[in-house]
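Spelled out, the chains give:
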Amino acid sequence: MAAFLSVDTKGVEPESGAPAPDRLISGDPKFRTWNVEERDGGLYAGIWESTPGKWRIVYDEWEFCHILFGVSVIAEDEGEARTVKAGDSFVLRPGFKGSWEVLETTRKEYVIKL
């Protein structure tokens, strides 16, 4: 196995998904996830994409995100709403609770540590 791994969608079959029905706030968002790395100890890396819609998010994990395209609004309960777009990078820490609203189909690179 090579020690260098490109993070892209070539040659990786995406998983399809959607928010859990009890978390859906509005719209009909559909997810595609290209999980290109999965390691023991709960480490994941890949690309995620969603069509427009809004749902509740609750993070038990740590996640680094880099937006490749699209526009989304991430709002923290009792806190600030932040608009993220292509080129933006951020971390969502364990304990983050709020909502994710995709205004324009959004694709991000991610690294998750459980």
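These notes cover the structure that comes with them.

The rules we used
- Residues numbered from 1 in each chain as written.
- Predicted model: local features only at pLDDT ≥ 70, side-chain atom pairs only at ≥ 80, totals over all residues.
- Heavy atoms only, no water.
- Patch = residues over 30% accessible without salt bridge, like charges linked within 9 Å, V, L, I, M, F, W, Y side chains within 5 Å.
- Areas by Shrake-Rupley, 256 points an atom, 1.4 Å probe, with all protein chains shown as cover.
- Salt bridge = Lys/Arg side-chain N within 4 Å of Asp/Glu carboxyl O.
- Helix = DSSP H or I, 4+ residues; strand = E, 2+ residues; numbered from the N terminus.
- Buried < 20%, exposed > 50% of the residue type's maximum accessible area, 1.4 Å probe, protein only.
- Pairing = 2+ DSSP bridges.

**Examining a nonpolar patch on the surface**
Move 1: The grouping of Leu43, Trp62, Phe64, Val91 and Val111 at the surface amounts to a nonpolar patch, some 350 Å² of accessible area in total.
Move 2: Position of valine 91 relative to the elements: it lies in strand E8 (residues 89–92).
Move 3: With a relative accessible area of 38%, valine 91 lands in the partly exposed category.

**Details of the environment of glycine 42**
Move 1: Tracing the backbone through its elements, the reader meets glycine 42 in the loop between strand E3 (31–39) and strand E4 (43–50).
Move 2: Counting along the chain gives 37 residues from glycine 42 to leucine 5, while the straight-line C-alpha distance between them is 18 Å.

**With respect to the pairing of strand E9 (residues 97–113)**
Move 1: Here 8 bridges tie E4 to E9, and the two strands are oriented antiparallel to one another. Bridge pairing in E9 places glycine 46 opposite tyrosine 110.
Move 2: Pairing analysis gives 6 bridges linking strand E5 (residues 53–58) to E9, with the strands arranged antiparallel. Paired with arginine 56 across the two strands is serine 99, which belongs to E9.
Move 3: Judged from the 13 bridges that link them, strand E6 (residues 62–76) and E9 form a sheet pairing that is antiparallel. Of the residues in E9, the one forming a bridge with histidine 66 is glutamate 109.

Keep in mind these values describe shape, not function.
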